[in-house]
Amino acid sequence: MTVSAPSTVALDLRADFPILGREINGARLVYLDSSSTSQKPASVLAALDDYYRNHNANIHRGVYVLAQEADALFEGARARIAAFLRWPAANTIFTRNVTEAINLVAYSWARTNLGPGDAVLISEMEHHSNIVPWQLATQATGAALRYLEVSEDGTLSLDQLDRELARGDVALVALTHVSNVLGTINPVAEIVRRAHGAGALALIDGAQAVPQLAVDLSEIDADFYAWTGHKALGPTGVGVLHARAELLEQMPPFLAGGDMIATVEAQHSTWNELPWKFEAGTSMIAQAIGLAAAIDYLDGLGMARVRSHEHALTAYALERLRTLPGVSVFGPPSADQRGGVVSFALAGIHPHDVAELLSRTNVCIRASHHCAQPLMRRLGVNATARASFGPYNVAADVDALIDAVADAQEVFAG
Ligand SMILES: Cc1ncc(COP(=O)(O)O)c(C=O)c1O
């Protein structure tokens, strides 16, 4: 059966991403690993270059012109990013990545608010970064850690959520917005509403959502929403935690030193105002400025267009993969329920061999447990092959993936 590229695959942004102009062994780069990290548009590279070339100075300390420019760029970046997701800038904290943002909550909030008799509810589809911090926090406080199951179609059950919440001990529900393996888009606004109805707080891991969905935090209403810059076309080394002001006010600092301080006496200190109370040491100034440039780029495209483009690519990839024999795809059957990621297995070929064979034609996919070992156990596999899309992918990238997978099958058949 022949499947032709859908006309809805509308964007062609490759020229905006310098790295995609690279050829390796005379062949174009087919980058299908955006769930790991995204490629960066020229405007982000230019923002980083401009900061270091023209405005580099430490922030929040200097009165000279460079320092004031650096301040304005850094705090402007925070304001820009907060406005994009519709959350106040004062409760928008820069961290190194989403992992650190979740750890901030697990150390500062969980260790002072959880105790025996409380529970943290996560799910089987979480990334290790939204599992291990809760293992450590519940072990430290005597609270329980419970899991929502992943159903056969790769979704979570709201009925099971209600049953867990009805037990009356859940203090925090901590779930991913979009699964980095299955692609499942969880109904986070509804989950937060139900958690709040049962007196629990909600933390959402938005690492895979912010790059590809129109995320409105004022609608989702989570107590904590965390994400990471490098997956959203921004630089590495910057993540974001959006949180409720009243919680942040009550929480003790996470890391100590530098910008998070107001006064220091010999035996005690007082803390800076929000958001700086949670930003210890010299901040990731250039990275925050670069991330704001990435957000400008995404906003310029329009998140509705980004979503419909990646939806079309995902639908096309699912359709074409299903035409190949011996391919099983994990996660929701329809692209409507998933983000731009397709995890799959080929009968009789180890996922690492698939990735290795594909890399021979510059098709870059990931084969691993994707930092989701509990989910791998749920799926009954050690690893999956995973192709994931960014706004810069085109239908020809899906075609290259399918050709390379068919070739890999032939190599193993012969
Ligand atoms: C859903 C999810 N959460 C957390 C992370 C961890 O991101 P980082 O390494 O930037 O902290 C990832 C990265 O793959 C992810 O996909």
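Procedures and definitions
Residues numbered from 1 in each chain as written. Predicted model: local features only at pLDDT ≥ 70, side-chain atom pairs only at ≥ 80, totals over all residues. Heavy atoms only, no water. Pairing = 2+ DSSP bridges. Helix = DSSP H or I, 4+ residues; strand = E, 2+ residues; numbered from the N terminus. Axes fitted to C-alpha atoms, helices over the stretch in contact; angles between N-to-C directions. Contact = heavy atoms within 4.5 Å. Near = heavy atom within 4 Å. Polar contact = N/O pair within 3.5 Å; in protein donor to acceptor, adjacent residues only side chain to side chain. Areas by Shrake-Rupley, 256 points an atom, 1.4 Å probe, with all protein chains shown as cover. Salt bridge = Lys/Arg side-chain N within 4 Å of Asp/Glu carboxyl O. Buried < 20%, exposed > 50% of the residue type's maximum accessible area, 1.4 Å probe, protein only.

Trainee: I keep staring at the sheet that holds strand β4 (residues 92-95) and nothing clicks. Help me out?
Mentor: Consider a sheet: its strands pair through backbone hydrogen bonds, and that pairing is either parallel or antiparallel. Read from one edge of the open sheet, seven strands run β4-β10-β9-β8-β7-β5-β6, paired in mixed fashion. The open sheet terminates on both sides in strands that have one partner only, identified here as β4 and β6 (144-148). Each strand axis lies, on average, 20 degrees off the axis of its neighbour in the sheet, ignoring direction. Relative to strand β7 (residues 170-176), strand β5 (residues 119-123) runs parallel, the two sharing three bridges. Looking at the pairing, Ala-119 lines up with Val-170 of β7. Packed onto the sheet, helix α5 (residues 158-166) meets β5, β6 and β7 and runs at close to 160 degrees relative to β6.

Trainee: Help me understand the environment of Ala-288 in this model?
Mentor: Of note, Ala-288 is situated in helix α9 (residues 285-301). Sequence separation between Ala-288 and Ala-70 is 218 residues; the distance between their C-alpha atoms is 11 Å. If we skip the residues at most four places from it in the chain, Ala-288 touches Phe-74, Ala-77, Ile-81, Phe-94 and Val-238.

Trainee: It is not clear to me how the site of the ligand should be interpreted in this structure. Could you clarify?
Mentor: For the ligand, the set of nearby residues contains 14 residues, the closest of which are Thr-99, Asp-205, Gln-208, Thr-228 and Lys-231. Contact distances for the ligand include 3.3 Å between an oxygen atom and a side-chain N or O atom of His-127. Residue His-230 places a side-chain N or O atom 2.8 Å away from an oxygen atom belonging to the ligand. Here the ligand loses 87% of its free accessible area of 400 Å² to cover by the protein chains.

Trainee: I keep staring at the pattern of salt bridges and nothing clicks. Help me out?
Mentor: Pairing is possible between side chains of opposite charge, provided their charged atoms come close. Throughout the structure, instances matching the rule amount to 24 salt bridges. The residue Asp-296 makes a salt bridge to Arg-80 at a minimum N-O spacing of 2.3 Å. With Asp-296 in helix α9 and Arg-80 in helix α2 (residues 65-84), this residue pair connects regions lying 216 residues apart in the sequence. Looking at Arg-80, the relative accessible area reads 23%, which means it is partly exposed. Counted as one network, the salt bridges with shared partners bring together Arg-146, Glu-164, Arg-167 and Asp-169.

Trainee: Is there a simple way to explain the sheet that holds strand β17 (residues 384-388) in this structure?
Mentor: Read across the open sheet, the four strands follow the order β13-β14-β17-β16; overall the sheet is antiparallel. Lying at the two open borders of the sheet, with one neighbouring strand each, are β13 (327-330) and β16 (366-368). Between one strand axis and the next, the sheet turns by 35 degrees as a mean value, whatever way the strands run. Judged from the three bridges that link them, β16 and β17 form a sheet pairing that is antiparallel.

Coordinates in, geometry out; function isn't part of it.
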